Amino acid sequence: MNVLELHDLTREFTRRGKPFAAVDHVDLILREGEFIAIVGRSGNGKSTLLNLITGLLRPTGGSIMLDGRDIVALRDRQMSAIRNRVIGFVTQSQTLLPNLTVIDNVILPAVLEPGNHATDDDDSQETDDDAEETSSDQPPVDDGLPDVIAAAPVATDAATRSSDRLAGRARELLEMLEVADLADCYPKELSGGEMRRVSIARALMNRPKLLIADEPTGDLDAESTAIVMRLLRDVANSGTAVLMVTHDPDALAYVDYVFRMDRGVLSEA
Amino acid sequence: MSHITLAGLPLTNLRRKPFRTTALVIVVTMLTVAFYGGSLLSMNLEAGLNSMQERMGADLMVTPQNTKNEAEALLTNGGSSTFYFTNDIENEVSKADGIDEITAQTYISSLAAACCDDKVQIIGFNPQTDFVITPWIGSQFDGVLEDGQIIAGAGINVSGNNTVKLYGHEFPVAAQLANTGTSLDNSVFVNMNTVPDVVSYSSKVGHPAIPQEYADKAVSAILIKVKSGYSAQQVASNIAKATGLKGLGYVYPGGITATTKSNLMVIVRYVTIFVAVFWLMGLIVLLAVFASAMNERKREFAAYRIMGATRSTLVGIIIRESVMIGALGGAIGIALASLAILPFSTLIGRQLQLPYLQSGVWNVMLLIVVSFAFAVITGVIASIATAVKLSAPETYLTLREGE
């Protein structure tokens with residue numbers, strides 16, 4: 001199944017009064033379980049392409065089909081829900097929240113979207129997948145609902161269990177990335193590589209269908225790079241589509257296909 | 001161990017930035033102190049003025065030569081004094097044309113007494129002719145003021161056996177009056193028959209208030225209600241002609257009220273301007289601090305968006321942070337200003353030399369609610385522009401600005 005389809009995707013910016021295409025008529029299909037890398041020089045539109053796919057930027061032209069839905073026309077609330085449930089995004093720059101501990105940073109995506117059940121039962125991946133299947137068949141967002149912050153959950157047993165499940169899922173991810181011992185630290189106490197690994201854990205928290213990673217090994221040494229890339233490969237093997245931008249030749253060994261981006265134009269490498 | 005929730009995020013953000021949070025809370029506290037404190041003072045002054053207006057039953061007050069200022073001070077909040085005529089002035093004055101009602105009062109300033117912080121103003125009045133004090137006293141005391149008894153103002157400490165000791169003599173208290181915010185609160189009222197006794201007691205302790213020979217007839221002021229169609233000034237002129245006395249003091253209580261009101265309005269105007277300017281400055285400071293903080297936090301807010309927060313969720317987080325800051329600063333400001341003002345209304349009134357009456361509980365409660373809302377709204381106003389800017393549709397561009 002196609003998780004991502006880009007057709008004739010274009011985004012123009014204006015520089016010194018003249019328009020230029022940072023992403024120029026790009027076509028791309030990414031299926032479940034595929035792992036694609038995009039390489040290319042800095043400033044050639046790779047990060048812009050990723051931000052278009054996540055809905056953080058609006059395209060000037062073309063279409064983006066994500067999980068079977070055209071996301072270009074979606075309203076903010078619907079796009080935000082998709083970003084929360086369908087996409088995991090590891091940004092190029094460090095975006096961990098300085099006021100939260102590592103584990104709370106990882107948990108945060110699961111509490112941002114009210115009614116997010118993607119991590120309700122981490123004992124059974126199968127159950128989760130079923131739930132996601134069901135949810136993806138229905139509109140992810142009810143436009144009739146008020147677009148407000150959810151009320152603080154009442155401290156019931158159910159809420160506690162839910163909190164425990166989220167914490168369990170977050171710890172599991174941190175262990176996979178070998179940073180579980182840093183769970184109660186704050187981001188300022190971490191090295192660049194550690195922060196990057198925590199960012200990846202956060203991106204995986206809601207079991208996304210599409211994981212986007214913008215230079216995920218940029219700050220990492222060889223050993224950490226191997227850990228991260230093995231993890232991303234495992235993620236792809238479990239059915240998640242992975243789209244990675246990288247400058248790291250070592251990382252390319254883990255991917256299925258490599259594309260090159262040059263002056264906004266995407267082509268197979 | 002409990003973990004992060006969306007509802008708990010704003011509080012976590014504030015707690016993790018104690019310096020920034022404290023600075024913002026202090027600014028809101030200062031604004032609230034200025035707003036609440038200024039408004040409370042203005043309200044109390046206005047209440048004092050209204051109270052004074054209600055007590056000014058006379059249109060004209062005739063006093064001895066060179067005692068006009070003392071008489072005016074006595075009517076407002078300027079302290080006690082003793083002055084008196086040595087002739088039968090009431091009879092002389094009553095011959096003048098244009099007088100509807102006339103009554104005499106005698107003012108004696110006691111020595112500092114155990115009952116009070118300051119000297120007590122003893123006011124002798126004639127219940128048969130009085131039209132100034134009796135209606136007011138009558139609303140709170142329906143008995144007859146016997147010879148030798150006193151009615152105490154609100155500021156007089158009445159002893160356990162219901163007496164007040166003045167000039168070494170314990171006067172039985174017939175009633176105690178409600179607070180007026182004027183110098184009357186520090187006064188005791190006796191009927192004219194008791195005045196010679198007061199003079200006698202003062203002589204016994206070696207401080208005669210009035211020479212003994214005038215004790216029976218000493219009158220400090222003649223209070224007049226003018227007939228319809230006459231002005232107080234006209235009647236004053238008639239009195240001067242009828243008595244042939246030059247240099248009498250004429251006090252126009254209505255004029256005093258107007259002057260006091262004018263003075264009070266100047267103060268209220270200054271307070272209003274001060275609060276407005278202070279608020280504007282505070283708002284600018286808050287805007288600057290919020291804008292600066294938000295600039296620092298661009299990357300943080302972009303991260304929320306990346307994780308799937310809607311624009312309204314983001315605005316909600318920012319607004320809730322500012323509401324918490326406003327609420328905390330407002331509560332502290334109201335508490336501080338209340339502590340500084342509410343227990344010291346007598347002292348404030350004395351310092352201002354203006355009628356000053358503590359407003360009622362419900363008015364103060366209402367002001368507290370309004371001030372609290374003011375503090376919260378100020379916090380929200382300061383943050384809302386930044387919140388909207390940060391929740392711009394194209395989050396990627398915001399993130400790039402933060403890089």
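No experiment lies behind these values; they were computed from the predicted model shown.

(A) Highlighting the overall build of chain A. Helix and strand content of chain A: seven helices and 10 strands. Across chain A, contacts joining residues at least 24 apart in sequence account for 73% of those joining residues at least 6 apart.

(B) Representation of the overall build of chain B within the structure. Helix and strand counts for chain B stand at 13 helices and nine strands. Put simply, chain B has 403 residues, and 44% of those count as buried. Across chain B, contacts joining residues at least 24 apart in sequence account for 81% of those joining residues at least 6 apart.

(C) Fine view of the sheet that holds strand S10 (residues 265-268) of chain A. Residues and elements named next belong to chain A. With mixed pairing, the six strands of this open sheet are ordered in space as S6-S7-S8-S3-S9-S10. Two strands bound the open sheet, and with one partner strand each, they are strand S6 (87-90) and S10. The mean angle between the axes of side-by-side strands here comes to 20°, regardless of whether they run parallel or antiparallel. Across four bridges, the pairing between S6 and strand S7 (residues 210-214) is parallel. Each residue of the ladder has a partner; that of Ile 87, found in S7, is Leu 210.

(D) Main features of the pairing of strand S1 (residues 60-63) of chain B. Residue and element names in this part refer to chain B. The two faces of S1 match: Leu 60 and Val 62 on one face and Met 61 and Thr 63 on the other face are all buried. Where S1 lies against strand S8 (residues 221-226), three bridges are found, and the strand directions are antiparallel. Counterpart to Leu 60 in the pairing with S8 is Ile 224. Inspection of the sheet shows S1 paired to strand S9 (residues 249-251) by three bridges, in the antiparallel sense. Its bridge partner being in S9, Met 61 is matched across the sheet by Val 251.

(E) Layout of the packing of helix H3 (residues 102-112) of chain A against helix H6 (residues 192-204) of chain A. Residue and element names in this part refer to chain A. Two numbers describe how H3 lies on H6: the axes approach to 7 Å, and their chain directions differ by 30°. Of the possible angle classes, the one that applies to H3 and H6 is roughly parallel. Where H3 crosses over H6, the handedness of that crossing is right-handed. Packed against H3, whose contacting residues are Val 102, Asn 105, Val 106, Leu 108 and Pro 109, the element H6 presents Val 198, Ala 201 and Arg 202 at the interface. Taken together, the residues that form the contact of H3 with H6 break down as six nonpolar, one polar and one charged.

(F) Expanded view of the sheet that holds strand S1 (residues 2-15) of chain A. Residues and elements named next belong to chain A. Here we have four strands laid out as an open sheet, ordered S2-S1-S4-S5, and antiparallel in their pairing. Two strands lie at the open edges of the sheet, namely strand S2 (18-31) and strand S5 (69-70), each paired on one side alone. Relative to S5, strand S4 (residues 61-66) is paired through two bridges, and the arrangement is antiparallel. The residue bridging Leu 66 from the neighbouring strand is Arg 69, located in S5. Docked against the sheet, helix H1 (residues 46-53) engages S1, S2 and S4, running at close to 65° with respect to S2.

(G) Representation of the pairing of strand S6 (residues 169-176) of chain B. All names here are of chain B. Two elements, strand S4 (residues 150-152) and S6, share three bridges in a ladder whose sense is parallel. Across the sheet, residue Ala 152 finds its bridge partner in S6, namely Gln 176. Between the antiparallel neighbours strand S5 (residues 163-166) and S6 lie two residues, among them Tyr 167 with a positive phi of about 50°.

(H) Just the UniProt feature "transmembrane region" (unreviewed entry) in chain B, in detail. Residue and element names in this part refer to chain B. Under the UniProt annotation, the feature "transmembrane region" (unreviewed entry) is placed at residues 21-43, 267-290, 325-349 and 361-388. In the segment residues 267-290, helix accounts for 100% and strand for 0%; the C-alpha atoms at its two ends are 33 Å apart. Here residues 361-388 runs as 100% helix and 0% strand, with 40 Å between its end C-alpha atoms.

(I) Local environment of the interface of chain A and chain B. Contact with chain A, which involves 37 residues of that partner, is made by 29 residues of chain B. Listed by contribution, the elements that provide at least two residues to the side of chain A that touches chain B are helix H2 (76-85), H3 and helix H5 (157-176) of chain A. Partitioning the side of chain A that touches chain B into residue classes produces 21 nonpolar, nine polar and seven charged.

(J) Geometry of helix H7 (residues 222-237) of chain A. Residues and elements named next belong to chain A. With 16 residues, H7 ought to run about 22 Å at 1.5 Å a step, and its terminal C-alpha atoms sit 22 Å apart, in line with that. Buried within H7 are the following residues: Ser 224, Thr 225, Ile 227, Val 228, Met 229, Leu 231, Leu 232, Val 235 and Ala 236. Of the residues one or two after H7, Gly 239 is the one with positive phi, at around 115°.

(K) Region of interest: the nonpolar core. With 93 residues, the main nonpolar core has Ile107(A) and Leu232(A) as its most contacted residues. Grouped together as the second largest cluster of nonpolar side chains are 57 residues, Val132(B), Val188(B), Val235(B) and Leu248(B) included.

Basis of the calculations
Residues numbered from 1 in each chain as written. Chains lettered and ligands numbered in written order. Predicted model: local features only at pLDDT ≥ 70, side-chain atom pairs only at ≥ 80, totals over all residues. Helix = DSSP H or I, 4+ residues; strand = E, 2+ residues; numbered from the N terminus. Contact = placed C-beta atoms within 7 Å. Buried ≥ 20, exposed ≤ 12 C-beta atoms within 10 Å, placed from the backbone. Pairing = 2+ DSSP bridges. Axes fitted to C-alpha atoms, helices over the stretch in contact; angles between N-to-C directions. Parallel < 35°, antiparallel > 145°, perpendicular 65-115°, else oblique. Left-handed = near helix turned anticlockwise from the far one by under 90°. Nonpolar A, V, L, I, M, F, W, Y, C, P; charged D, E, K, R; others polar. UniProt positions renumbered as here; feature names shortened; annotations may be inferred. Expected span 1.5 Å × (residues − 1). Core = buried A, V, L, I, M, F, W, Y, C linked by C-beta atoms within 7 Å.

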